[in-house]
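Structural overview for review
Listed here are the chains, written in short residue letters.
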Amino acid sequence: MNAREEILRRIERITPARPAAEIAADYAAIDRSYLRRHHEGGMVELLAERVADYRAAVRTVSEDELPGAVAEALAARGGEYAVPAGLPAGWLSAVPADRLVTDPPAAALDGLAGAVTGCAAAIAETGTIVLDHGPGQGPRALSLVPDYHLIVVTADQIAADVPEGLERLDPARPLTFVSGPSATSDIELSRVEGVHGPRTLEVLLVV
């Protein structure tokens, strides 16, 4: 038995099991009369504005401009970049192959200049980008260890608000919610970036 199984076994021992029908009934009884979206239209512009509010760099490009925009962003920083398997090859077509490392081991991530990924969804109202670490996104470490993270978001991935965003996600997946670069103000309310994740976040919105 591994540690995860042992923890779950202990939880089951102290938490009485409930019939699935009872759980489903409780879920269906939740009041959902709240406002589902606060804006109509202009989702790309709203997401760009909110992402920028978090001190992230954001740029809107066309599909044809995307490869050049990715290459330009990486050239400005130098070094090698981690890319996950499943990332569309066209996105990286303008980047020299020797600057890309596909699915590097976790131990190598700290020595790379950054990472390039896609995402699962984005929420315009909160400026949040969500990764579920499926194809084109890589394991969680790939998006948290390198100091720089470039995320590509397509227009069809943008939800207006949190309820709509959550409906696009699988709760069984390991979800990472990204709202700007990593930052904390735990010590004397002084903002420090890069403690729990990338110090620099750049987002390309494809329209």
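To start, this report covers the structure provided alongside it.

The rules behind each value
- Residues numbered from 1 in each chain as written.
- Predicted model: local features only at pLDDT ≥ 70, side-chain atom pairs only at ≥ 80, totals over all residues.
- Heavy atoms only, no water.
- Helix = DSSP H or I, 4+ residues; strand = E, 2+ residues; numbered from the N terminus.
- Buried < 20%, exposed > 50% of the residue type's maximum accessible area, 1.4 Å probe, protein only.
- Polar contact = N/O pair within 3.5 Å; in protein donor to acceptor, adjacent residues only side chain to side chain.
- Contact = heavy atoms within 4.5 Å.
- Pairing = 2+ DSSP bridges.
- Axes fitted to C-alpha atoms, helices over the stretch in contact; angles between N-to-C directions.
- Phe/Tyr/Trp six-rings, centres within 6.5 Å; stacked < 30°, edge-to-face > 60°.
- Lys NZ or Arg CZ within 6 Å of the ring centre and 35° of its normal.
- 1 Å grid on protein atoms, 1.4 Å probe; cavity = no way out; pocket = protein on both sides within 12 Å on 5 of 7 lines; lining within 4 Å.
- Points joined across faces, edges and corners; volume = space filled by probe spheres on them.
- Nonpolar A, V, L, I, M, F, W, Y, C, P; charged D, E, K, R; others polar.

So, about the side chain of Thr128. Locating Thr128 in the fold gives a position in strand S6 (residues 128-131). Looking at Thr128, the relative accessible area reads 7%, which means it is buried. Only 2.8 Å separates the side chain of Thr128 from the side chain of Ser179, close enough to count as a polar contact. Residue contacts for Thr128: discarding those within four places in its chain leaves Leu47, Ala121, Ala122, Ile123, Phe177, Val178 and Ser179.

In space, the six strands of this open sheet follow the order S1-S12-S7-S4-S2-S3, with parallel pairing throughout. Across the chains shown, the open sheet's two edge strands, defined by having one partner strand only, are strand S1 (57-61) and strand S3 (100-102). With strand direction ignored, the average angle separating the axes of adjacent strands in the sheet is 20°. In terms of strand pairing, strand S2 (residues 81-83) meets S3 through three bridges, oriented parallel. Across the sheet, the residue bridging to Tyr81 is Leu100, located in S3.

What follows is about the packing of aromatic side chains. All chains considered together, the criterion is met by one aromatic pair. With 6.0 Å between their ring centres and 75° between their planes, Tyr81 and Tyr148 make a pair best called edge-to-face. Within this pair, whereas Tyr81 is found in strand S2, its partner Tyr148 is found in strand S7 (residues 148-154), the two being separated by 67 residues in sequence. Overall, the relative accessible area of 0% leaves Tyr81 in the buried class. For Tyr148, a relative accessible area of 1% puts it in the buried group. Positioned above the aromatic ring of Tyr27 is the side chain of Arg32, whose terminal nitrogen or guanidinium carbon lies 4.5 Å from the ring centre.

Mapped onto the fold, Gln137 is located in the loop between S6 and helix H5 (140-144). Side-chain polar atoms of Gln137 contact the backbone nitrogen of His133, separated by 3.2 Å. Not counting residues within four places of it along the chain, the set of residues in contact with Gln137 comprises Pro84, Thr117, Gly118, Cys119, Ala120, Val130, Leu131, Asp132 and Leu142.

Okay, helix H3 (residues 43-53) next. Along H3, the residues that are buried comprise Met43, Val44, Leu46, Leu47, Ala48 and Val51. Phi turns positive, to about 70°, at Arg55, one or two residues after H3.

A word on the layout of surface pockets. As a volume, the largest pocket reaches approximately 160 Å³. Forming the walls of the largest pocket are 13 residues, and the residues nearest its centre are Leu144, Val178, Gly180, Ser182 and Pro198. Of all the elements in the fold, those that place two or more residues in the lining of the largest pocket are H5 and strand S9 (176-178). With three residues, the single largest contributor to the lining of the largest pocket is S9. Taken together, the residues of the lining of the largest pocket break down into six nonpolar, seven polar and no charged.

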